[in-house]
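So you can see what is in the structure, the chains are spelled out below.
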Amino acid sequence: MPQHRSKDETYRAMQATRPGVLELVERPRPEPGTGEVLLRVEACGICGADAGTIDGQQFPRVPGHEVVGRIAAVGAGTPSHWRVGQRVGVGRLGGRCNACEQCRRGQFQLCGNQPFVGTSQDGGYAEMMVARSTGLVAIPDALGSEEAAPLLCAGIATFNALKKSGAQAGDLVAIQGIGGLGHLAVQYARKMGFMVVAIGRGEDIAKEVLSLGAHVYVDTRKEDAIARLQEMGGAQVVMTTITDSSAASALIPALAPQGTLLVVGVGKAPLTVSPGPLVVGERRVQGTITGTPFEAEKTLDFSVLANVLPRIETLPLERAGEAYARMKSGEARFRMVLTMREES
């Protein structure tokens, strides 16, 4: 790597070069195309979904889809309200096409022609990144870049899911899994006025979970979560943020009549659903995707208003492999965020 590089001509990136390996490389500065912008990245969160890129098959690829930075250049055809120097973010969904049937219906989150950031296009484990202008999210001044980054995936995924769940203030909502997603879900659920039951493993996190806003913490190593929720009258919503499909499926009997198992965590194994509880109690299983840039901005606004913030640990870009390993091991409390400041 050159000793005296120009930040205007090149940028550093951590790219996946083979399964499980992240390599620090230097690349020439890209130019944004029509309807695109070039971002100078300030922070990028690390998500469990990054494993699909880092441990995947499509190489080389720069992971990362919780990206906050400033616009460094604007391509032709980009709307004038996106300006050089403006702080913006990009989440998992890289920007709608405005032409497919789903876009014509206004269901922009379901656009089939948008990239998945960090998977089908290079993401934010880098000092620079090209992004579609239709995927940009304005970042409030009240949020730091490191705080805002995880809200563009883990934040919107849980906030939007709760908004769409049909639960009303006073309803019992259970959050299964108190990790990167779950610790935000607990905060949002409490601020929305729900009776919040957090379901996790281990006594060591009990005090922390209660400090996040849970009214009740159920340690599944000591207590039957299904029985506890049934004793409380059943949950109107069980949000599962984990990838263990069997453990998620097991909580369906804990739903109140017309309750919903809300699936946010994506496991590889199929859910196992007995039709009896669904039919007799008119219960349902619902999946939710993150959301549109407009919905992401609403998530950020609510987060500022209600003081919902991710609990993060930061590491510099060149230590992305270490940060990813810490996230994957479950040792992080609760989200890892990469910063672009070089280590001295």
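What counts, and at which threshold
- Residues numbered from 1 in each chain as written.
- Predicted model: local features only at pLDDT ≥ 70, side-chain atom pairs only at ≥ 80, totals over all residues.
- Heavy atoms only, no water.
- Helix = DSSP H or I, 4+ residues; strand = E, 2+ residues; numbered from the N terminus.
- Buried < 20%, exposed > 50% of the residue type's maximum accessible area, 1.4 Å probe, protein only.
- Salt bridge = Lys/Arg side-chain N within 4 Å of Asp/Glu carboxyl O.
- Pairing = 2+ DSSP bridges.

**Q** Give me unusual backbone geometry: which residues, what numbers.
**A** For the bond from Phe59 to Pro60, the omega torsion is -10°, close enough to zero to count as cis. Of note, the bond from Arg333 into Phe334 is cis; its omega dihedral lies within 30 degrees of zero at 5°. On the secondary structure map, Phe334 appears in the loop between helix H10 (320–329) and strand E15 (335–339). Positive phi values are uncommon outside glycine, yet Asn98 reaches one of about 65°. Counting through the fold element by element, Asn98 comes out in the loop between strand E5 (87–90) and helix H2 (101–104). One non-glycine residue, Glu282, lies in the positive phi region at around 50°. Residue placement: Glu282 occurs in the loop between helix H8 (275–281) and strand E13 (284–287). We classify Glu282 as exposed; its relative accessible area is 53%.

**Q** Now, about the pattern of salt bridges: what can you tell me, with residues and values included?
**A** Applying the stated criterion across every chain, the model contains 19 salt bridges. Across the pair Glu208 and Arg333 runs a salt bridge whose closest N-O atoms are separated by 3.5 Å. Of this pair, Glu208 sits in helix H5 (residues 206–212) while Arg333 is found in the loop between H10 and E15, placing the two residues 125 residues apart along the sequence. Judged by relative accessible area, Glu208 falls into the partly exposed class, the value being 25%. When its relative accessible area of 29% is taken as the criterion, Arg333 is described as partly exposed. Salt-bridge contacts for Arg326 lead to Glu331; the nearest nitrogen and oxygen are separated by 3.3 Å. In this structure Arg326 comes out as partly exposed when scored by relative accessible area, which is 28%. A single salt-bridge network, built from bridges that share partners, covers Asp204, Glu208, Arg311 and Arg333.

**Q** Account for the pairing of strand E11 (residues 235–240), naming residues and giving values.
**A** For E11, the buried fraction is high: five of the six residues fall into the buried class. Two strands pair when backbone bridges link them, and strand E8 (residues 172–176) and E11 are joined in this way by four bridges, in the parallel orientation. Each bridged residue has a counterpart across the sheet, and for Ala174 the counterpart in E11 is Val238. As paired elements, E11 and strand E12 (residues 255–263) share five bridges and run parallel to each other. Residue pairing in the sheet places Ala235 in a bridge with Leu255 of E12.

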